[in-house]
Amino acid sequence: FLAAADGLGSIAIDTTQLNMSVTDPTAWATAMNNLGMVPVGLAGQQIVTDSICVPGFDPSLSMMTGITPINPMIPGMGLVPPPPPTDVPVVKEIIHCKSCTLFPPNPNLPPPSTRERPPGCKTVFVGGLPENATEEIIQEVFEQCGDITAIRKSKKNFCHIRFAEEFMVDKAIYLSGYRMRLGSSTDKKDSGRLHVDFAQARDDFYEWECRQRMLAREERHRRKMEEDRLRPPSPPAIMHYSEHEAALLAEKLKDDSKFSEAITVLLTWIERGEVNRRSANQFYSMVQSANSHVRRLMNEKAAHEQEMEQAKESFKNALTGILTQFEQIVAVFNASTRQKAWDHFSKAQRKNIDIWRKHSEELRNAHSEQLMGIRREEEMEMSDDDSGDNPSKKLRVDDSALAAQAYALKEENDSLRWQLDAYRNEVELLKQEKGQLFRTEESLTKDQQLQFLQQTMQGMQQQLLSIQEELNNKKSELDQAKEEQTHTQAMLKVLQEQLKSAKELAEINGHDESQANEINVLTVALVNQDREKNSEKRSPGLKSEKEALLIGIISTFLHVHPFGANIEYLWSYMQQLDSRISANEIEMLLMRLPRMFKQEFTGVGATLEKRWKFCAFEGIKTI
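What you are looking at is a predicted structure, and each value in this text was computed from that prediction instead of being measured. Residue positions are given per chain, counted from 1 along the sequence in the order it is written. Residue-level local features of this predicted model are given only where pLDDT is at least 70; pairs of side-chain atoms are given and counted only at 80 or more, and the full residue set underlies all totals for whole chains, interfaces and linings. Side-chain descriptors were evaluated using all non-hydrogen atoms of the structure, hydrogens and water having been removed beforehand.

What about the overall build of the chain?
Check the secondary structure of the chain and you find 18 helices and 10 strands. Per-residue burial for the chain yields a buried fraction of 32% across its 623 residues. Contact definition: two residues touch when any of their heavy atoms are within 4.5 Å. Intrachain contacts of the chain at a sequence separation of at least 6 include 67% that bridge at least 24 residues. To be clear on the numbers: accessible area is Shrake-Rupley with a 1.4 Å probe, and residue cover counts the displayed protein chains and nothing else. Accessible surface, the chain as shown: approximately 39900 Å² in total, 55% of it carbon and sulfur. Only DSSP runs of H or I with at least four residues qualify as helices, and only runs of E with at least two residues qualify as strands; both kinds are numbered from the N terminus onward. Buried, partly exposed and exposed residues are distinguished by accessible area as a fraction of the type maximum, computed with a 1.4 Å probe on protein chains only: under 20%, between the cut-offs, and over 50%, respectively.

Quick look at the side chain of Lys316
Along the chain, Lys316 turns up in helix α9 (residues 293-336). Ignoring anything within four residues of it in the chain, the contact list for Lys316 reads Leu371, Ile374 and Glu378.

Looking at the sheet that holds strand β2 (residues 100-103)
The antiparallel open sheet is built from 4 strands, whose spatial order is β1-β2-β6-β7. What marks the edges here is a single partner per strand, and that holds for β1 (95-96) and β7 (191-193). The sheet contact formed by β2 and strand β6 (residues 179-182) spans 4 bridges and is antiparallel. Pairing of Thr101 across the sheet is with Arg181, part of β6. Strands pair, by our definition, only if DSSP identifies at least two bridges between them.

Notes on the pattern of salt bridges
Criterion for a salt bridge: a side-chain nitrogen of Lys or Arg within 4 Å of a carboxyl oxygen of Asp or Glu. Under the defined criterion, the tally for this structure stands at 26 salt bridges. When the shortest N-O distance is used, the salt bridge between Arg223 and Glu219 registers 3.1 Å. Of this pair, Arg223 and Glu219 both sit in helix α5 (residues 202-230), 4 residues apart, which is roughly one turn of the helix. When the shortest N-O distance is used, the salt bridge between Asp578 and Lys546 registers 3.7 Å. Of this pair, Asp578 sits in the loop between α16 (567-577) and α17 (583-592) while Lys546 sits in helix α15 (residues 545-559), placing them 32 residues apart in sequence. Given a relative accessible area of 42%, Lys546 falls into the partly exposed group.

Structural notes on the UniProt feature "coiled-coil region" (unreviewed entry) in the chain
On the UniProt side, "coiled-coil region" (unreviewed entry) is annotated at positions that read residues 287-314 and 406-498 here. Within residues 287-314, the helical portion is 96% and the strand portion 0%, while the C-alpha atoms at the span's ends are 41 Å from each other. UniProt positions are given in the numbering used here, feature names are shortened, and annotations may be inferred rather than shown by experiment.

Digging into the sheet that holds strand β4 (residues 148-153)
Spatial strand order, β4-β5-β3-β8: 4 strands in an open sheet with antiparallel pairing. Strands with a single pairing partner mark the edges of an open sheet, and in this sheet they are β4 and β8 (195-198). This sheet shows a mean twist of 20° between the axes of neighbouring strands, independent of strand direction. Sheet analysis places strand β3 (residues 123-127) next to strand β5 (residues 158-163), joined by 5 bridges and oriented antiparallel. Its bridge partner being in β5, Val126 is matched across the sheet by Cys159. Running at roughly 140° to β4, helix α3 (residues 135-142) makes contact with β3, β4, β5 and β8 of the sheet. Lines fitted to the C-alpha atoms define the axes, with helices restricted to the stretch that makes contact. Angles between their N-to-C directions range from 0 to 180 degrees.

Following this line, the structure appears as structure tokens:
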């Protein structure tokens, strides 16, 4: 009947060992088995050799071996089977003892209530005892639950029983609700209903706290061992300064493989204050040895940079080769789509060829954009390196950018022309199929397809014409840029001669730096005036809405910077709004509008800096 309390109902007992002369030994053994008690004979011999609850369990294994006591009543520990489901009714039977008999409570009544179990509880409260019950009778009943260490009986029919282990308390709690009768007497003083509940004892709580502290110490020790194992090794100790150690360190400083270790020791000695008049020369020689490694490190850096450049160059060459092969593959597909070869393919073959051609063109365009991006990065690096040397180099970079754009437009023009030829071939094929078939629903759908293809062909022709016009415009801009380049080079030579003569005069007459600044401003004004004349000759208008937005943003930015801003500062601000814009585009746009933006030089010599200013309020007065 204790199957629900401690899950021991499935443990079998060898009934051949029962040798008691009782009226109903089978029921008594079943009750004791369900209770988890060790059946005892009349003479006190133990019928079962080991504990029924935990076979071979030694409760003394706790503090001595460092093993935490295991509660075998916990389900899932593997020591006892899990308890039966709660919805199964528990059948309690009569328990016959030597001096008394325990009668089970009414199964229809709710189970007796218990208080919350205190931590480490080993003591139970037993109430409702018969008035004539003695400590021997109490011990006879409850010692079957486990070893009893103490019994404290009161005069008011209750007592406290302390067990050796915590799991024994659960067995004693199961007896709550039983009616106890001493012998066969019907006297009221010889019967009583038992109420067993958890009791809070200071000894139990103290032992539980000691066990928890022991587990905490073990956990801290385990964590400390784990931290010590995972902690990185400490750096080697720095030796103290001496002349012998200094001589050894000087040799290590000359060795490239030991330089990093030796320089750390030298830094520690200097920070400790080991440098004095006596050791100053020795420290100076070691510092000189450390300085000798600067050239080696710079050479290593240059070698690594050269390797990186070679790797970039090899990657660019490989990408160029791949792009060339893609062009050849696309050319093969385009040749296959012409009428001479296209007519001999079936519909499925034509469909596959068309899919392959589109896929190859997409890959070719992606690789071409990647290669153009690499070239643009190289051009930007070159323009950044040469930005302070000569303004004519910027014009060369712009010319190369225009040439690259013209080349890209040519490639796009060729691809569109090939697509147009393919569409024409498809139209001719559809016409032939239309003449051969009757006027059915299929022919009507083909007519619709033919009209759609004609419309797409007209759109492609218009797009081709617009691209040709754009190409002509780019060519005219390229010619104008070349003319402007030659003109600016001539003007630059004249201005340089004037500047040299003016500086010589200023040095002869003893003028100060302000006069030199006035000369710089005068030369810049002449250059801006010349640019204004050239811009008036060209008189280009705004090409797109994007340029108008850029002009508005740049005007606002320069208006809040009355002293002007250089092109790098302006480009870094525009990058936050549009990451695809380049500094060359911004500078070309500013140069195209001299009445709105002007460029001035500030500073002298190494501090010379070019700044762009907003001058639209001044320029509108002169229009």
